[in-house]
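Architecture at a glance
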Amino acid sequence: MEEIGDRVTRIQTLTLDLFSNNPSPTPCPGSRSKKRPPSAEETSPFECLSEEILFLILDRLDESSLDKKAFSLVSRSFHAAESRHRRVLRPRRSNLLPSALSRYPSVSHLDLSLCPRVGDAALSAIAGALRSSLRSIDLSRSRLFSQIGLESLAVTCAGLVEIDLSNGTDLSDAAAAAIAKARNLERLWLARCKIMTDMGLGCIAVGCPKLRLLCLKWCLGVTDLGVGLVAVKCKKLRSLDLSYTMITKKCLPAVMQLPCLEDLALAGCLGINDQALLSLKQGCMSLGVLDVSNCQHVTHLGLSSILSRAPGLCQLNLVYFCPFTQSLASSLQKLSKLQSIRLDGCPVTSAGLKAIANSCTSLKELSLSKCSGVTDEGLSSVVVKHKTLMKLDITCCRNITDVSVANITSSCSALTSLRMESCGLVSNEAFRLIGQHCQLLEELDLTDNDVDDEGLKAISRCCKLSSLKIGICLNISDEGLVHVGKSCPELQELDLYRSFGVTDKGVSAIASGCCNLQIINLAYCTEITDESLISLSTCYKLNTLEIRGCSRVTSTGLSAIALGCRQITELDLKKCYDVNDAGMLPLAHYSSASINLSYCSVTDLGLLVLASTSCLQSITILHLTGVTANGLVAALLSCGSLTKVKLHSSFKSLVSQPLLEHIEARGCLLQWVDKPFQIEMEPNEVWKQQSQDVLVH
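Within an unreviewed UniProt entry, the label attached to the chain reads F-box/LRR-repeat protein 15-like leucin rich repeat domain-containing protein, and the organism entered is Ananas comosus var. bracteatus.

Written out as structure tokens, the structure is:
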């Protein structure tokens, strides 16, 4: 509680400083009528601040839940103001929902993604408590509710404009009919609602004419009939995602006639082919984003046809599309507003890239990830012509060299994102050029490259970096990380996967210089110890920590993380052999939503402690030699928030089938893995051996 106390004191000091020029605050209304002597709290200057002033302070606080909690502990009036001010609520557990609804009556956005079990009674309670304020609700990770609860929400909350029901694999047409009663609905996600059919979609189309966004991705029961009805009834649609549905050319004319359509996704629609696109007679002048990724039956002929009817296109996604040749690229010439092209996984030619260079004058983003055929000649032709490029992805473009990087850095100094994982022919000189010329970079991915400490020193000049990935960079050490820690204070994500030269000194430099750190991957950094975790415990925004294979880490370091990093939601402890039950108790009080304990020294006791007091959603427990079948059962029954458990198949015969069915009925997916116990070589030796194998072959 020391950290909360420090925040309370800081907020009190800040508030007093704000009003230090007014030593005589206006008395609280009704204070003259009090006959008893005022209490210390009533005479506090904080109690005399108006709600308007308190709201202004809250508006300026960090979104961190700890800051808001500290504010509410200052005084009663602060507590009441924070309750009325909060508009976004994300409960950590389903059983906290009643008290949260009681305390926060003005919530407009309710995120239940951490509550896997939300029944009809809970939805009815939400509808009653937030009747006039609720505008948005996220149920994408929740289960156990039906059309009854959805109807209660739709009918009671007249201001509801946004519902996310993605992953509702058990939601039927009856649920869709209930949703249709939300007459003011504008945004609706139904991704992976696989049993919903045209009948349910038709109800939504008729009942929700104000829809502006509709996601039907992986709705396998939806066909041309339902989509056509949506196109006829929902004329205000701006975004429509039909990816991986069973539609054919029959519904496309109606879709393309939507007067306000800006974003259309047809990814993976196997029923769409060249004939379907060539048969379109009317274009869509408002269309700005088109996604035809993985459309296996569409070639440059069909694509050229639809592009000629969408002159206002700004973003084009052709991920794993047909080969990007000069003939296909020529269809882009008339798209003067095109700013983003994604060609991930497509075979490309230098002629095709040169065609992009000679057109697309407004290009800001180009993704060539895993594109075979990318050469220095083709890539250089693009970057030299498009000096305003801001995002470039050349991941696994293994044929490019320093020539390309020299042209990128000399031409595209405005780059904010550069991804170049596994560009093995690029030398360390290229990284010096990046640091010298691209100092506006916010995201840089150099995974599996030959960057060394001098390269990191140069890159550290990019002081705006928020994401840096340097995993499998075997030549970096603490020296390079010290430069990053000193010069990149805005860093939020750092990937050091298998960076064997990194020790506690380097991690400490990052922790002390990058206080906004949220994600760090230290997997198989075998030299780090508890000292690294103690250093990282000062990064209170940290939410994801991967220390898989860090065998020198113990429960002492884990406890420091649990106490200091209250926002941890993802934790990978696989093969941290010395993490035992002692680390589970502090972790349980501020627990992650997802944790991997495989190969740790946790026993039945530690597992039960973790399960009974935490808000775990996902846990992997392979090869925990100290866990018995009885301990596993007790833990599974204690943790009602679990949605996924990965465990060894040897337990399956030791647990009764009715009990397993009961756990699955609560919304928990049991994933059985038959993986033998592995005693690996030291990671360094593994990689040395792999390198030798590559050289031999």
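With that settled, the discussion passes to the packing of aromatic side chains. Under the counting rule described, the total for this entry stands at three aromatic pairs. Judged by centre distance (4.5 Å) and plane angle (25°), the rings of F71 and F78 are stacked. Summarising the burial analysis for this pair, F71 and F78 share the class buried. An angle of 0° between the planes, with centres 4.6 Å apart, marks the rings of W218 and Y244 as stacked. Placement of W218 in the loop between β6 (213–215) and α10 (224–233) and of Y244 in the loop between β7 (239–241) and α11 (252–256) is noted, with a sequence separation of 26 residues between them.

In this structure the tally under the stated criterion is 16 salt bridges. E82 is the partner of R103 in a salt bridge, and the nearest nitrogen-oxygen pair spans 2.8 Å. Highlighted residues: R103 in helix α5 (residues 97–103) and E82 in helix α4 (residues 76–85), separated in sequence by 21 residues. Here D344 makes a salt bridge to R342, at a shortest N to O gap of 3.0 Å.

Before going further, it helps to spend a moment on the nonpolar core. Ranked by size, the top nonpolar core spans 197 residues in total, and within it I126, L190 and L536 carry the most contacts. With five residues, helix α26 (residues 629–638) is the single largest residue contributor to this core. Discounting residues that sit within four places of it in the chain, I126 has contacts with L97, L101, L110, L112, R131, L134, I137 and L153. Within the second largest apolar cluster, 10 residues are counted, among which are F55, L61, V74 and A81.

Let us look at the pairing of strand β22 (residues 618–621). Neither face of β22 is exposed, since S618 and T620 on one face and I619 and I621 on the opposite face are all buried. Across three bridges, the pairing between strand β21 (residues 594–596) and β22 is parallel. Following the sheet pairing, N596 is matched in β22 by T620. Strand direction decides the pairing type here: β22 and strand β23 (residues 644–648), joined by four bridges, are parallel. Residue pairing in the sheet places S618 in a bridge with K644 of β23. Crossover handedness for the path β22 to α26 to β23: right-handed.

On to unusual backbone geometry. Of note in the backbone geometry, N167 takes a positive phi value of approximately 70° without being a glycine. For N167, the location among the structural elements is in the loop between β4 (162–164) and α8 (173–179). A positive phi is found at Y320, a non-glycine position, where the angle reads about 50°. Within the secondary structure, Y320 is located in the loop between β10 (315–317) and α14 (326–329). Assessed through its relative accessible area of 45%, Y320 is described here as partly exposed.

Let's shift gears to the side chain of D111. Turning to its location among the elements, D111 is positioned in strand β2 (residues 109–111). For D111, a relative accessible area of 14% translates into the label buried. Here the side chain of D111 touches R90 through a polar contact of 3.5 Å, side chain to side chain. Here S113 takes part through its side chain, which lies 2.8 Å from a polar atom of the side chain of D111. Each residue touching D111, except ones within four places of it in the same chain, is listed here: L89, R90, P91 and D138.

The rules we used
Residues numbered from 1 in each chain as written. Predicted model: local features only at pLDDT ≥ 70, side-chain atom pairs only at ≥ 80, totals over all residues. Heavy atoms only, no water. Phe/Tyr/Trp six-rings, centres within 6.5 Å; stacked < 30°, edge-to-face > 60°. Buried < 20%, exposed > 50% of the residue type's maximum accessible area, 1.4 Å probe, protein only. Helix = DSSP H or I, 4+ residues; strand = E, 2+ residues; numbered from the N terminus. Salt bridge = Lys/Arg side-chain N within 4 Å of Asp/Glu carboxyl O. Core = buried A, V, L, I, M, F, W, Y, C linked by side-chain atoms within 4.5 Å. Contact = heavy atoms within 4.5 Å. Pairing = 2+ DSSP bridges. Right-handed = clockwise from strand over helix to strand, strands pointing away. Polar contact = N/O pair within 3.5 Å; in protein donor to acceptor, adjacent residues only side chain to side chain.

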